[in-house]
Amino acid sequence: MKYEHATWRPRRKDCSPPAIEQFPRPLMGPSARKHGGLIIHILVAIYTFLGLAIVCDDYFVSSLDRICEELRLSPDVAGATFMAAGSSAPELATVVIGVFFAKDDIGVSGVIGSAVFNIMFVISVCGLCTSTVSKLNWWPLCRDCFFYAVSILVMLGTIYNESISWMESLFMLFMYGVYCVALSYNARLERWAKSYNIPFLPKDDEPAEESALVSYRSLQEDRLSYTGPSSPTDQYKEQEGVTAGATTGGNVPETNESAPPKQPSYYKAKEPDPNEVSPLEKPTDGSKWSLFTWGLVYPIHFMCRATMPDCRQDKFRNWYPFTFCVSMVWISFYSYFMVWMITIIGSTLGIPDTVMGLTFVAAGVSVPDALSSLAVIKEGLGDMAVSNAVGSNVFDILVCLGLPWFIQTAMIQPGSHVNVTSRGLTYSTVSLLSTVVFLVLATHLNGWKLDRRYGAILMVWYLVFITFASLYELNVFGEMNPPVCFSAF
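Analysis parameters
Residues numbered from 1 in each chain as written. Predicted model: local features only at pLDDT ≥ 70, side-chain atom pairs only at ≥ 80, totals over all residues. Heavy atoms only, no water. Helix = DSSP H or I, 4+ residues; strand = E, 2+ residues; numbered from the N terminus. Buried < 20%, exposed > 50% of the residue type's maximum accessible area, 1.4 Å probe, protein only. Contact = heavy atoms within 4.5 Å. Areas by Shrake-Rupley, 256 points an atom, 1.4 Å probe, with all protein chains shown as cover. Expected span 1.5 Å × (residues − 1). Bend = angle between axes of the 7 residues up to and from the residue. Salt bridge = Lys/Arg side-chain N within 4 Å of Asp/Glu carboxyl O.

A.B. asks: Please clarify how the overall build of the protein should be interpreted in this entry.
C.D. replies: Counting its regular elements, the protein contains 17 helices and 5 strands. Scored against the burial criterion, the 489 residues of the protein give a buried share of 52%. Within the protein, counting contacts between residues at least 6 apart in sequence, those at least 24 apart form 81% of the total. A total of about 22,200 Å² of accessible surface is found on the protein, and carbon and sulfur atoms cover 65% of it.

Structure, rendered in structure tokens:
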């Protein structure tokens, strides 16, 4: 076989190589794991989820804040590039582990499962947890769903022949660049779309410039960069009100019309909170639960503080390159152990790696997106919660998959191909299009409102999708996956 036609992870004749063989040999044998030892692996997997969430939110994102500020990027571009990497770093690290270490489809299935988890489960929980009815603007949702659908079609065309080349992976990265360019012209595109007065869409009173602030990527950036009691849009309104008051001598006439708020010229990093309590300090409320949770995550915080400077503080403000690099090391560390533990769990229970990726890996790596959406829905910002959940999927599909594939096929082994051995993933990818159509249709039939009924409908659809996708992977509807070869691990 010539080198330029070298194939990554060669297939065996009648079975697929088990992913567990690509990791170090487990300390416990199959018999010990089946008789109680598996619980230890489950606990370690859960702990890695916590580690990923803490490193991403407290350190990795802070370093990205400073990078965006130093590069003087506009808010939309910053959100679409570096800030997207902040919330999707676990997905990216998982695919890297799947491509270069596990050499199986767990990374691909994790991205597909994460996409469904974000667009259905996260939005569903937001609807079920909200105490008020939030009105949704049609432009941010339709815009993000359009690009999400395009990214699904690109992914489908890439994995359909079960082999990915460097040109296909490069095209995925190119399409994400198109998405970033479109976001930079968001206000113009919104004015153009609303100029047609589409009859079945609701009329929004919000001008294009303000709506740009509630687009996913600027919302992603706002969520990570502002921690005040009011929303970023409210902060801009308050600043303009102060300016207007100073101009008119403090008397601001009440009027139904106001000048649209304007975005800052470039991204501003979040200022440190002077009232923030160090996670290394023991809680003083005396609650046993507080002490337990503090002690549980204390080792994670201790190791992070010992190895990474907090670049939000003035004295470490210029240390952001070092924090960025070390945080990536920690994310890779926790992702490796997470995929390793989940691979062992799936192998012990006889569950394919793709099913574990669609379910447990997807839920674990989507923790940052879920927490951020739940936080903003409590403030009544329905658009922010929905756009945050939908828009992150574009980055997950085009970059989290395209970048590791491109590195493998164009840099490490030029001319090689990455194999996707599960045909069920192709069917699951096609089914992803149904989630986009269903989300827009359900939103329209619900009157473009985010409420508990809306959340219940999406929850049912999520459970149906995951059930059928898992059955596909388990070969219930036909031979989608070759059987896994025997392993003594």
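A.B. asks: Help me understand helix H12 (residues 353–365), please; the structure alone is not making it clear to me.
C.D. replies: Spanning 13 residues, H12 covers only 15 Å between terminal C-alpha atoms, well under the ideal 18 Å at 1.5 Å per step. The largest bend in H12 amounts to roughly 30 degrees and is located at Thr359. Among the 13 residues of H12, 11 are classified as buried, and the element is accordingly described as predominantly covered. The complete set of buried residues in H12 reads Asp353, Thr354, Val355, Met356, Gly357, Leu358, Thr359, Val361, Ala362, Gly364 and Val365.

A.B. asks: Would you mind showing me how to read the pattern of salt bridges here?
C.D. replies: When their charged atoms lie close together, side chains carrying opposite charge are able to pair. A full pass over the atoms with the stated rule returns 6 salt bridges. With its nearest N and O atoms 3.2 Å apart, the salt bridge here joins Asp144 to Arg143. Here the two residues Asp144 and Arg143 agree in accessibility, since each one is buried. We note a salt bridge from Glu190 to Lys194, for which the minimum N-O separation is 2.7 Å. Highlighted residues: Glu190 and Lys194, both in helix H6 (residues 186–194), separated by 4 residues, approximately one helical turn. Look at Glu190 and you get buried, because its relative accessible area is 0%.

A.B. asks: Help me understand the side chain of Thr158 in this model?
C.D. replies: Looking at where Thr158 falls in the secondary structure, it is placed in helix H4 (residues 138–159). Apart from residues lying up to four places away in sequence, Thr158 is in contact with Ser163, Ile164, Glu168, Met172 and Trp405.

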